[in-house]
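Residues per chain, in single letters:
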Amino acid sequence: MFINKVTVSYKFTKDEKYIEHEIVNAGPRTFMFALVPEYMTGKKVKEA
């Protein structure tokens, strides 16, 4: 599954100059993956 780095970045900021700067500088050292659960129990949790 491929996730576009720029699309994900827009969740956090709309500053395109900042996004491009971070992708160029930190992109090669960044590893991103998506977790997709195979099974969920549906158990309700009582939150405090």
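Per chain, residues are indexed from 1 in the order of the written sequence. Predicted model: local features are reported for residues with pLDDT of at least 70 only, side-chain atom pairs are reported and counted for 80 or more only, and whole-chain, interface and lining totals are derived from all residues. For side-chain calculations, the full set of non-hydrogen atoms in the structure is used, while hydrogens and water are omitted.

Caption draft 1: Structural context of the overall build of the protein chain. The numbering of helices and of strands both runs from the N terminus, where a helix is a DSSP run of H or I of at least 4 residues and a strand a run of E of at least 2. Across its full length, the protein chain holds two helices and zero strands. Here's how the labels work: a residue is buried when its accessible area is under 20% of the maximum for its type, exposed when over 50%, partly exposed in between, all with a 1.4 Å probe on protein chains only. Within the span of the protein chain, comprising 48 residues, buried residues form 6% of the whole. The method behind every accessible area is Shrake-Rupley, applied with a 1.4 Å probe, and residues are considered shielded solely by the protein chains displayed. Carbon and sulfur atoms make up 60% of the accessible area of the protein chain, which amounts to about 5,200 Å² in all.

Caption draft 2: Spatial organisation of a nonpolar patch on the surface. On the surface, Phe31, Phe33 and Leu35 cluster together to form a nonpolar patch covering roughly 440 Å² of accessible area. With a relative accessible area of 70%, Phe31 lands in the exposed category. Only residues whose relative accessible area exceeds 30% and that take part in no salt bridge are eligible for patches, with like-charged residues grouped when within 9 Å of each other and nonpolar side chains (Val, Leu, Ile, Met, Phe, Trp, Tyr) grouped when within 5 Å. Salt-bridge detection follows one rule: a side-chain nitrogen of Lys or Arg within 4 Å of a carboxyl oxygen of Asp or Glu.

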